[in-house]
Amino acid sequence: ARGRPGRCGLGGRCGRRALLACVAWTAGWVLAAALLLRAHPGVPSERCSDEKSRRILAALCQDYRGGALGGDLCEDLCEAGKLRYRRCLYYERGKKVLQADWRGRPVVLKSKEEAFSSFPPLGLLDGQPGAGGQDLPEAELLVLAAGEARSALGLAPAEGGLGRLGLARRGPRRRGQLASLWALLQQEEFVLLSLLRGRSPHAPPVLGSCGHFYAVEHLAAGSPGHRALFPLGPDGGHRGQARAVSGVALSFLDMVRHFDHDFAHRLHLCDVKPENFAIRSDFTVVAIDVDMAFFEPKMREILEQNCTRDEDCNFFDCFSKCDLRVHRCGAQRANSNLQVVCDKIFRHWFSSPRGSSAMSGPLRGQLRAAVQECAAPSAQGAPRMLGRLRSLLQAALRELQDGEELHPWARSHPRRDTHRGTPGTAQKAPVGLDHHPLE
């Protein structure tokens, strides 16, 4: 029997067939996984682990003790024990987001890379002995920092805008401080949040940093699985829930107006989903993940690409049109922040035919129609639509507040004067932002 070809024939055809089948099966799964990740870019690239997160922070502190990095939070994290790790929030495409307690205050630590060594070093520090960095000219540092800010934002910061980054600080750890600042400047979100600090109620301020990690306040973020998208505090029944939703919606409208008009260049939000926003206790909406937020010059640069059809001109939630004569995407965004917010947020709240039972039928119908019109891809006239939605939501709040006087729940929740401001309405941006977004 040893010399017979057998059922598989000579040359091991069965083995080759099995190998080809295995290769095809594996290739199919790889292709399916690639398509899944392409369709859902937010899918985490690795499992969020407390053990790994603690190792990341331990390595950070080891580099700090060795003088390789610095920051105003390093002492509290690595020596004093006043900045304590609590849990891992998520890992995504290299980005690490961790929750911690800083002197009794919940904060979030963020970095776009796991290791400090993943960021390119600051060339000016080459050849500097020991602690080094003390004699580096501040003017040269400012030029380099401005170049990084321009690359991240698409425009140069105003004169003096980089002073808040602490470039001029001197001391025994200046080399590590400068190396850390250089790593932070490679992170677009850090640059944007740092230079907007104190200038927007809808952006969280950077509280401090250690190495390549920076800290922002921890807020109650949205979730696609939450019944109302956002945790809205104590339940006051259908009427209280409707009031909270209307207040948050009004704050979303204020954020859209603020990002569209209160800076010299419009700030585009290209990744709008509940997880990227949070609410304060007064229902003010805060954009907590602005990795995909761009000022107009950067937005035009991103959109203006080669194309063969309109779909080639889609960048997450920011779209433009393909000019088939030159096969080039238009630099002007075709949709708007308001249209995407209506589509991704408001549609969930207001598009149901039944809507909130606490709201009158006619008002529910008007809100539903306005949101559907606003969310349509061809929606035009953003200022008119924003004004219409604002008027309807303010009318809803007045109706709900008037009705509360008939319910016992209202006795423990004092009524707000809608003429003095509605829940979630943020303060107007400080004077001066109409000239330059970063001055």
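In this convention, every chain numbers its residues from 1, walking through the sequence in written order. Given that this is a predicted model, residues contribute local features only at a pLDDT of at least 70 and side-chain atom pairs are listed and counted only at 80 or more, while totals for whole chains, interfaces and linings are drawn from all residues. Hydrogens are left out, water is left out, and the side-chain values use all remaining heavy atoms of the structure.

J.: Just give me the short version of the sheet that holds strand S9 (residues 285-287), but keep the residues and values in it.
T.: Taken in spatial order, the three strands line up as S6-S8-S9 in an open sheet, and their pairing is antiparallel. Every interior strand has two partners, whereas the edge strands, strand S6 (220-221) and S9, have only one. Pairing between two strands requires that DSSP report at least two bridges joining them. Strands are runs of DSSP state E lasting at least 2 residues, helices are runs of H or I lasting at least 4, and numbering of each runs from the N terminus. Two strands pair when backbone bridges link them, and S6 and strand S8 (residues 277-279) are joined in this way by two bridges, in the antiparallel orientation. Paired with Ala220 across the strands is Ile279, a residue of S8. Sitting on the sheet, helix H7 (residues 237-261) touches S8 and S9, and the angle it makes with S9 is about 45°. Contact between two residues is taken to exist if any of their heavy atoms lie within 4.5 Å; hydrogens are not considered. A fitted line through C-alpha atoms serves as each axis, taken over the contacting stretch for helices, and the angle formed by two N-to-C directions is quoted from 0 to 180°.

J.: Tell me about the packing of aromatic side chains, residues and numbers included.
T.: Pairing of aromatic rings covers Phe, Tyr and the six-membered ring of Trp, with a centre-to-centre limit of 6.5 Å; geometry is then stacked below 30 degrees between planes, edge-to-face above 60, and tilted otherwise. Taken as a whole and assessed by the stated rule, the structure comprises 11 aromatic pairs. Taking the centre distance of 5.9 Å and the plane angle of 85° together, the rings of Phe263 and Phe295 count as edge-to-face. Of this pair, Phe263 sits in the loop between H7 and strand S7 (267-269) while Phe295 is found in strand S10 (residues 293-295), placing the two residues 32 residues apart along the sequence. Grouping residues by exposure puts Phe263 and Phe295 together as buried. Between the aromatic rings of Phe346 and Phe350, the centroid separation amounts to 6.0 Å while the plane-to-plane angle is 80°, which identifies the pairing as edge-to-face. Placement of both Phe346 and Phe350 in helix H9 (residues 337-350) is noted, with a separation of four residues, approximately one turn of the helix. The cut-offs for exposure are 20% and 50% of the maximum accessible area for each residue type, with area from a 1.4 Å probe on protein chains only; residues under the lower value are buried, those over the upper are exposed, and the others partly exposed.

J.: Any chance you could break down the pairing of strand S4 (residues 206-210) for me, citing the residues and the numbers?
T.: Burial of S4 is extensive: five of the five residues sit out of reach of the surface. Once S4 ends, the chain turns through two residues before running back antiparallel as strand S5 (residues 213-217), passing Gly211 with a positive phi of about 60°.

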